[in-house]
Amino acid sequence: FIFQPAEETGKGALMVRELLIEEDIEEIYGFHSIPKFKKGSVILRNGTFACASQGLSLSFKGSQSHAAYPEAGNNPDTVIAEMIEYVNTLKCFELGNLHFVTVVGASIGSMSFGVSAGEGKLYLTARAERQDSFNKLIESILDRAKNLSEKAGIEFEYRAHDVFSATINDPNLVDGIEDIAVKNNIEVIRPSEPFRWSEDFGYYLRVCKGAFFGVGDGEDYPQLHTSEFEFPDDIAETVLKIYMGLICSI
């Protein structure tokens, strides 16, 4: 049993996974309660259970000028506008190749009507079902930002935030969980698509075989990360049955 910090930032498992290597752990299992699925059901998926994701803050620096003489400065507005247009083309929702970018924020200059802006920022979140697609997605974004900035004479910097690996399950271990669920008369649901959110559990699965599964909170239960959500304690019965089954199978 691992008690791990910083689950929401992706840093916790990245730190604790060294324990799996040191202790030569062969298998690892994790679960998450999931709203909008039948209460107490077990949600399983071979391959990618949850997507890889990463936040990007892109900073563009030109030079200010009087708003009456914008040609005297170098406003990054065009570069940022072209970046927004570009990332909105990086979308694929096909099963097996899901990837997309969400614009989560942007700013250029300030509310100073006599000044043509000299700086701007763009905030993005990239997500992908497969790790290789995810890596290419990030590379594509940064390459386009660098190229546009160089052409416009704009200084470009970026920072990565909340980096999560894809959570990729071992099919044999997933089947083992299903067997335990069936023996305990627990309904099993296998979604056709991976969940678009991310879990730092994916870092464990890069060094150890494992499986991450869901337990349904109820079809009408409030969504995760909302003020209305509260963990439904009564699903613990399902969780315990699965974990007791795993322990007894050792």
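For the structure itself, consult the block above.
Now for a description of the structure that goes with this document. From a predicted model like this one, the values you see are computed outputs, not experimental measurements.

## What about the overall build of the chain?
In step 1: Counting its regular elements, the chain contains six helices and 12 strands.
In step 2: Each of the 250 residues in the chain was classed as buried or not, and the buried ones make up 45%.
In step 3: Sequence-distant contacts in the chain: of pairs separated by 6 or more residues, those separated by 24 or more amount to 81%.
In step 4: Separation between the mean location of the 22 positive side-chain charges and that of the 38 negative ones in the chain comes to 3 Å.

## Structural notes on the sheet that holds strand 4 (residues 52-61)
Strands pair in a sheet through their backbones, by hydrogen bonds, and they do so in one of two ways: parallel or antiparallel.
In step 1: Ordered in space as 6-8-4-9, the four strands form an open sheet in which the pairing is antiparallel. Bordering the open sheet on either side are strand 6 (99-108) and strand 9 (155-164), each of which pairs with just one other strand. Each strand axis lies, on average, 15° off the axis of its neighbour in the sheet, ignoring direction.
In step 2: Strand direction decides the pairing type here: strand 4 and strand 8 (residues 119-128), joined by 10 bridges, are antiparallel.

## A closer look at the pattern of salt bridges
If the charged atoms of two oppositely charged side chains come close together, the side chains can form a pair.
In step 1: For the structure shown, the criterion picks out six salt bridges.
In step 2: For the salt bridge of arginine 190 with aspartate 175, the shortest nitrogen-to-oxygen distance reads 3.2 Å. Here arginine 190 is found in the loop between strand 11 (188-189) and helix 5 (201-204), whereas its partner aspartate 175 is found in helix 4 (residues 171-183), with 15 residues between them in sequence.
In step 3: Judged by its relative accessible area of 34%, arginine 190 is partly exposed.

## Quick look at a nonpolar patch on the surface
In step 1: Judged by side-chain polarity, Phe1, Phe3, Met244, Ile247 and Ile250 come together as a nonpolar surface patch covering roughly 760 Å² of accessible area.
In step 2: Secondary-structure assignment places methionine 244 in helix 6 (residues 236-248).

## Notes on the packing of aromatic side chains
In step 1: This model, assessed by the stated rule, comprises 14 aromatic pairs.
In step 2: Ring centres of phenylalanine 49 and phenylalanine 195 lie 5.1 Å apart, and the angle between their planes is 45°; on these two criteria the pair is classed as tilted. Of this pair, phenylalanine 49 sits in strand 3 (residues 47-50) while phenylalanine 195 sits in the loop between strand 11 and helix 5; the two residues are 146 residues apart in sequence, bridging distant segments of the chain.
In step 3: Among the residues examined, phenylalanine 49 registers a relative accessible area of 0% and is labelled buried.
In step 4: Measuring from centroid to centroid gives 4.9 Å for phenylalanine 195 and tryptophan 197, while their planes differ by 20°, and the two rings are stacked.
In step 5: The exposure class assigned to phenylalanine 195 is buried, which follows from its relative accessible area of 12%.
In step 6: One aromatic cluster in this structure is built from Phe37, Phe49, Phe195, Trp197, Phe201, Tyr204 and Phe212.
In step 7: Over the face of the ring belonging to tyrosine 86 we find arginine 144, whose NZ or CZ atom lies 3.9 Å from the ring centre.

## Structural notes on the environment of aspartate 179
In step 1: Note on placement: aspartate 179 falls in helix 4.
In step 2: In this structure, the C-alpha to C-alpha distance between aspartate 179 and glycine 245, residues 66 residues apart in sequence, is 9.2 Å.

## Section: the nonpolar core
A general feature of soluble globular proteins is that nonpolar side chains tend to end up buried together.
In step 1: By size, the foremost hydrophobic cluster in this structure holds 25 residues, and its most contacted members are Leu58, Phe60, Met83, Val101, Leu124 and Ile141.
In step 2: Those elements that place two or more of their residues in this core are strand 4, helix 2 (77-87), strand 8 and helix 3 (131-152).
In step 3: For this core, the element with the highest residue contribution is helix 3, accounting for seven residues.

## Thoughts on the sheet that holds strand 1 (residues 27-35)
In step 1: The mixed open sheet is built from four strands, whose spatial order is 1-12-2-11. In the strand order of this sheet, the two ends are held by strand 1 and strand 11, each with one partner.
In step 2: For strand 2 (residues 42-43) and strand 11, the ladder comprises two bridges, and the chain directions are parallel. If you follow valine 42 over to strand 11, its bridge partner there is valine 188.
In step 3: Sheet strands touched by helix 4: strand 1, strand 2, strand 11 and strand 12 (209-218). Its angle to strand 12, the strand with the most contacts, is close to 40°.

## Re the packing of helix 4 against helix 6
In step 1: Direction vectors running N to C along helix 4 and helix 6 enclose 115°, while the axes themselves pass 9 Å from each other. Both helix 4 and helix 6 take part in a crossing whose hand is right-handed. Contacts from Ile177, Ile180 and Ala181 of helix 4 reach helix 6 at Lys241, Ile242, Gly245 and Leu246.
In step 2: Broken down by class, the residue content of the contact of helix 4 with helix 6 amounts to five nonpolar, one polar and one charged.

## Let's talk about a negative patch on the surface
In step 1: A cluster of like negative charges, contributed by Glu18, Glu22, Glu23, Asp24, Glu26 and Glu27, occupies part of the molecular surface.
In step 2: On the secondary structure map, aspartate 24 appears in the loop between helix 1 (11-22) and strand 1.
In step 3: Given a relative accessible area of 59%, aspartate 24 falls into the exposed group.

Thresholds, definitions, all that
Residues numbered from 1 in each chain as written. Predicted model: local features only at pLDDT ≥ 70, side-chain atom pairs only at ≥ 80, totals over all residues. Heavy atoms only, no water. Helix = DSSP H or I, 4+ residues; strand = E, 2+ residues; numbered from the N terminus. Buried < 20%, exposed > 50% of the residue type's maximum accessible area, 1.4 Å probe, protein only. Contact = heavy atoms within 4.5 Å. Lys, Arg positive; Asp, Glu negative; His and termini not counted. Charge placed at Lys NZ, Arg CZ, Asp CG, Glu CD. Pairing = 2+ DSSP bridges. Axes fitted to C-alpha atoms, helices over the stretch in contact; angles between N-to-C directions. Salt bridge = Lys/Arg side-chain N within 4 Å of Asp/Glu carboxyl O. Patch = residues over 30% accessible without salt bridge, like charges linked within 9 Å, V, L, I, M, F, W, Y side chains within 5 Å. Areas by Shrake-Rupley, 256 points an atom, 1.4 Å probe, with all protein chains shown as cover. Phe/Tyr/Trp six-rings, centres within 6.5 Å; stacked < 30°, edge-to-face > 60°. Lys NZ or Arg CZ within 6 Å of the ring centre and 35° of its normal. Core = buried A, V, L, I, M, F, W, Y, C linked by side-chain atoms within 4.5 Å. Left-handed = near helix turned anticlockwise from the far one by under 90°. Nonpolar A, V, L, I, M, F, W, Y, C, P; charged D, E, K, R; others polar.

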